[in-house]
Amino acid sequence: MNVLLLVFCYVASMQWAPSESVPFVIPWYGRWILPTVGQVWPKPQQQTSSETFFVLRPTMFQFQVVGERCDIIDEAVRRYYQIIFYPGDAGRIPLSYPPPPTPIQEHPQFRAFLDSVEIDLKQPCEYLPSADMLESYNIKIDTADNPLKATITSDSVWGILRGMETLSQLVYSSAETGVAYQMNATEITDFPRFSYRGFMMDTARHYMPLKTIKKMTDLLAQNKMNVLHWHLTDDASFPYESTLFPNISRYGSFQPFSHIYTANDVREVIEYARLRGIRVIPEFDSPDHTQSWGRGQPRLLTECYDDNGILKVPDEYGAIMPTREENYVFLQQFFGEIFNTFPDPYVHMGGDEVSYYCWQRHPEIKAFMAANGWGEDYTKLEQYYFDRLTTVTQEITQNQMRYIVWQELLDLNITLPTGTIVEVWKGDYEGLSFNEELARVTKYGYQTILASPWYLNYISYGLDWEKYYLAEPLDFNGSEAQKNLVIGGEATMWSEYVDSVSVIPRTWPRACTVAERLWSDRSVNDTALAALRLEEHRCRLLRRGFMVDPSNGVNFCEQEWDM
């Protein structure tokens, strides 16, 4: 009997060995990990905290704007009060615990009730977020030079937004004290490591309603990401309703009365993002991925011939026909409209996966190639297309439009305008190393953003966020000048197999790991520590009303998702 008891005690004290698929030891029973409390995601650059704490009271608390103010600040004050005290549901009562046996004022670590936080913006607000926006901020809660007070300070309205997000995450509930809204004395100095921290949302393969796009924008802001790369159109559909060319969405969208984005819809998304410090960069991929364009724009696409010079069935087309002058008139007018609709000067022009099949067989193109002495080198024709495209778009925008393109154009040695940003997307799934791709692409001297290791649409069973978290954008063989060209990166979610039902849980909290990699210091790379904070952050997002997936296996949140 004693032997059996000893064996039982030994086994009960054992833990599983670390799994190859998780960065922690899995216990025999219960939750797999214990989340942190009141920790910030992404991790700030510098933070010091103490065990002393303040208590926030919903009926007494307010943000006090003591510096510059504008509509962005006023909206953030309203929004973050809601996020802190009534997350997820405006009608829900604040979280509460049974009262402690003694008044909270008698707790040895209690400092005071914190009934206000000062918002101190030092410079006038900018109206729009931009590529060079400043996002640094400071938070002081009960510091030596700011005793019994809390202040968020920044020289930029965008820094104030990032600071308010951090402050909202410092608030936590404590069963030990019985306090629902508690915050420790803290000092933070914070700023992003990279200026471009984006997410690509594909609304062409599955239409995403405005409500979904807004929720995604909220999640970007609550993870300190700052770019919504809106992949609006593709072969499958053209949901953007053009003012000048309405027939394209009329015939190229899935459903022209419901599955489109009107000019008002686009303005609504841009304004929603602006108030959260998020840039909206549209993508209109060309010359390929344009089958949906051709349905409402006659003669835009290249007719396909077979090897015998016989025209194929009427509705089989290739990429945009690059030798028809009328097409450049259309492209100039269309991108002129896009430039006037989207306030950010950058437009993603695509340029990926261009098939030469129909170009190679079209008699008009073959004659054009021969007249220019290009032989069978169709990369010269693609160079011609992009030269003409950039020329006409610069003319109509008075040299103000800026470009982002996929890396294929550099793969083909196509020369791009100075200031173009190249997006690297090729990596493991193409049998390549994204590090080697970065090293090669940055040699051309263009600014670069990385997407290769962050294709979140590829999924697998179990915990897979580690590989995203550990993907280091500057871990490639290159000069310091090359590494300075890497301005950030983005997570991507191609929507062949996701729609508005699944896009948020499929994306989050996996995209949180990309957000931290692009914001926090390079040394923040311990997955065992990150798992604890990610677990807390996942529950935080769930509590705020976002249907996000579990991040670390078996666990629970105090407030679960309840449809």
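Keep in mind that this is a model prediction, so the values were computed, not measured. (Residues numbered from 1 in each chain as written. Predicted model: local features only at pLDDT ≥ 70, side-chain atom pairs only at ≥ 80, totals over all residues. Heavy atoms only, no water.)

Engineer: Please clarify how the pairing of strand β8 (residues 179-190) should be interpreted in this entry.
Structural biologist: Residues in a regular strand point their side chains to alternate faces of the sheet. Where burial is concerned, most of β8 is hidden: 10 out of the 12 residues are buried. Sheet topology places strand β1 (residues 46-55) next to β8; seven bridges connect them, and they run antiparallel. Looking at the pairing, Phe54 lines up with Met183 of β8. Where strand β5 (residues 137-143) lies against β8, five bridges are found, and the strand directions are antiparallel. (Buried < 20%, exposed > 50% of the residue type's maximum accessible area, 1.4 Å probe, protein only. Helix = DSSP H or I, 4+ residues; strand = E, 2+ residues; numbered from the N terminus. Pairing = 2+ DSSP bridges.)

Engineer: What am I meant to see in the packing of aromatic side chains here?
Structural biologist: Remark: the centre distance and the inter-plane angle together describe each pair of aromatic rings, the angle taken between the planes. Enumeration over the complete set of coordinates arrives at 37 aromatic pairs. Look at Tyr81 and Phe85: their rings are 4.9 Å apart centre to centre, the planes differ by 50°, and that puts the pair in the tilted class. Within this pair, Tyr81 and its partner Phe85 are both found in helix α2 (residues 71-85), separated by four residues, close to a single helical turn. Every member of this aromatic cluster is reached through a ring pair, and the members are Phe238, Tyr240, Phe245, Phe284, Trp293, Phe330, Phe334 and Phe335. When the ring centre of Phe113 is taken as reference, the NZ or CZ atom of Arg57 above it lies at 4.0 Å. Sitting over the ring of Trp519, Lys224 keeps its end group 5.9 Å from the ring centre. (Phe/Tyr/Trp six-rings, centres within 6.5 Å; stacked < 30°, edge-to-face > 60°. Lys NZ or Arg CZ within 6 Å of the ring centre and 35° of its normal.)

Engineer: Mind showing me how you'd approach the environment of Met369 here?
Structural biologist: By the element assignment, Met369 lies in helix α10 (residues 363-371). Expressed as a C-alpha distance, the spacing of Met369 and Glu535, which sit 166 residues apart in the sequence, is 58 Å. Once residues lying within four places of it in the same chain are set aside, the contact partners of Met369 are Trp374, Gly375, Glu376, Asp377, Tyr378 and Leu381. (Contact = heavy atoms within 4.5 Å.)

Engineer: For this particular structure, what's the right way to read the nonpolar core?
Structural biologist: Nonpolar side chains in soluble globular proteins generally cluster together in the buried interior. In this structure, Phe334, Phe335 and Trp508 are the most contacted members of the largest nonpolar core, which totals 96 residues. Discounting residues that sit within four places of it in the chain, Phe334 has contacts with Phe238, Tyr240, Ser242, Phe245, Phe284 and Trp293. The next biggest cluster of nonpolar side chains, apart from the first, holds 40 residues, and it includes Cys70, Ile73, Val77 and Val157. (Core = buried A, V, L, I, M, F, W, Y, C linked by side-chain atoms within 4.5 Å.)

Engineer: So what exactly am I meant to see when it comes to the pattern of salt bridges here?
Structural biologist: Charged atoms that come close allow side chains of opposite charge to pair. Following the criterion strictly, the structure yields 34 salt bridges and no others. Linking Asp145 and Lys140 is a salt bridge whose minimum nitrogen-to-oxygen distance equals 2.5 Å. One salt bridge connects Arg274 with Glu271, and the closest N-O pair in it is separated by 2.8 Å. In this pair, Arg274 and Glu271 are both assigned in helix α6 (residues 263-274), three residues apart and thus about one turn of the helix distant. Judged by relative accessible area, Glu271 falls into the partly exposed class, the value being 32%. The structure contains a network of salt bridges with shared partners spanning Arg193, Glu472, Asp475 and Arg522. (Salt bridge = Lys/Arg side-chain N within 4 Å of Asp/Glu carboxyl O.)

Engineer: Is there a simple way to think about the packing of helix α4 (residues 210-221) against α6 in this case?
Structural biologist: How two helices sit against one another is set out by the angle between their axes and by the gap between those axes. Running from amino to carboxyl end, α4 crosses α6 at an angle of 15°, the nearest separation of the two axes being 10 Å. As judged from the angle between their axes, α4 and α6 are roughly parallel. Read as a crossing pair, α4 and α6 show a hand that is right-handed. Contacts from Leu210, Ile213, Lys214, Thr217 and Asp218 in α4 reach Asp265, Glu268, Val269, Tyr272 and Ala273 in α6. Of the residues contributing to the contact of α4 with α6, the split by class is five nonpolar, one polar and four charged. (Axes fitted to C-alpha atoms, helices over the stretch in contact; angles between N-to-C directions. Parallel < 35°, antiparallel > 145°, perpendicular 65-115°, else oblique. Left-handed = near helix turned anticlockwise from the far one by under 90°. Nonpolar A, V, L, I, M, F, W, Y, C, P; charged D, E, K, R; others polar.)

Engineer: Which parts of the structure should I look at to understand the environment of Thr217?
Structural biologist: Structurally, Thr217 is set in helix α4. Classification of Thr217 by relative accessible area gives buried; the value is 0%. Discounting residues that sit within four places of it in the chain, Thr217 has contacts with Leu228, Tyr272, Ala273, Arg276 and Ile278.

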